[in-house]
Amino acid sequence: MPRQLESDAVLVIDGTERAVHARVSIFDDGTPKTWFGSLTADDPGLERELLNARAAVLRMPDGKEGFIRASDGPSRKRGEVAFTGSGQPPT
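Every residue gets a number counted from 1 within its own chain, in the order that chain's sequence is written. For this predicted model, a pLDDT threshold of at least 70 governs which residues receive local features, and a threshold of 80 or more governs which side-chain atom pairs are given and counted, while totals over whole chains, interfaces and linings are taken from all residues. Side-chain numbers come from the whole structure's heavy atoms, not from hydrogens or water.

Description of the pattern of salt bridges
Any carboxyl oxygen of Asp or Glu within 4 Å of a side-chain nitrogen of Lys or Arg constitutes a salt bridge here. Taken as a whole, this structure holds six salt bridges when the rule is applied. We note a salt bridge from Asp28 to Arg3, for which the minimum N-O separation is 3.1 Å. Linking Asp28 in the loop between strand 2 (16-27) and strand 3 (34-40) with Arg3 in strand 1 (residues 3-13), this pair joins segments that are 25 residues apart in sequence. When accessible area is computed with a 1.4 Å probe and restricted to protein chains, residues below 20% of their type maximum are described as buried, those above 50% as exposed, and intermediate ones as partly exposed. Under the relative-accessibility criterion, Arg3 is labelled partly exposed at 36%. A run of DSSP states H or I qualifies as a helix once it reaches four residues; a run of E qualifies as a strand once it reaches two. Both are numbered from the N-terminal end.

Description of the confidence of the model for the protein
Here the protein shows a mean pLDDT of 89. Residues at 70 or above account for 92%. Note: pLDDT gives the predictor's confidence per residue, expressed from 0 to 100. When pLDDT is averaged over each helix and strand of the protein, the minimum, 90, is found for helix 1 (residues 46-52) and the maximum, 97, for strand 4 (residues 56-59).

Details of the packing of aromatic side chains
Note on ring pairs: Phe, Tyr and Trp rings are taken, using the six-membered ring of Trp, and paired if centres are within 6.5 Å. Classes follow the plane angle, with under 30 degrees stacked, over 60 edge-to-face and the rest tilted. For the structure shown, the criterion picks out two aromatic pairs. Ring plane angle 20° and centroid distance 5.7 Å describe the contact between Phe27 and Phe36, whose orientation is recorded as stacked. Here Phe27 falls in the partly exposed class, since its relative accessible area comes to 23%. Ring geometry for Trp35 against Phe83: centres 6.1 Å apart, planes inclined by 70°, an arrangement best described as edge-to-face. Taken together, the residues Trp35 in strand 3 and Phe83 in strand 6 (residues 80-86) connect sequence positions 48 residues apart. When sorted by exposure, Trp35 lands in the same class as Phe83, which is buried.

Quick word on the sheet that holds strand 4
Sheets are built from strands that pair by backbone hydrogen bonding, the pairs being arranged parallel or antiparallel. With antiparallel pairing, six strands are arranged side by side around a closed barrel as 1-2-3-6-5-4. Taken over all neighbouring pairs, the strand axes of this sheet differ in orientation by 40° on average, direction set aside. Between any two strands, pairing holds if DSSP finds at least two bridges. Only the stretch in contact is used when fitting a helix axis, every axis being a line fitted to C-alpha atoms; angles between N-to-C directions are given from 0 to 180 degrees.

Some words on the pairing of strand 5 (residues 65-70)
Here strand 5 shows a clear split, with Gly66, Ile68 and Ala70 buried on one side and none of Glu65, Phe67 and Arg69 buried on the other. In this structure, strand 4 lies alongside strand 5, joined through three bridges in antiparallel fashion. Paired with Val57 across the strands is Phe67, a residue of strand 5. As consecutive antiparallel partners, strand 4 and strand 5 are separated by five residues, and within that stretch Gly63 has a phi angle of approximately 95°, a positive value. Here strand 5 pairs with strand 6 via four bridges, running antiparallel. Looking at strand 6, one finds that Ala70 is bridged to Phe83.

Rendered as structure tokens:
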């Protein structure tokens, strides 16, 4: 069963910060951990920017960070941008 996080966060795309709301699922049953989720923001260009990003980091309110990239996510809703994390999750 995955751990679920939901929080306001900061997405840093190629050095530019933007406020987002993040939903993150973390699976602890393997090494390395797998994690993915979705982001929502007031910025309608977020998906395009994340798709074209050289580097994207999701920063949680406690300062912990994890690298992400855009992906096709399950049951994606309008305005959501799906992502897949790499490396350690920001927990």
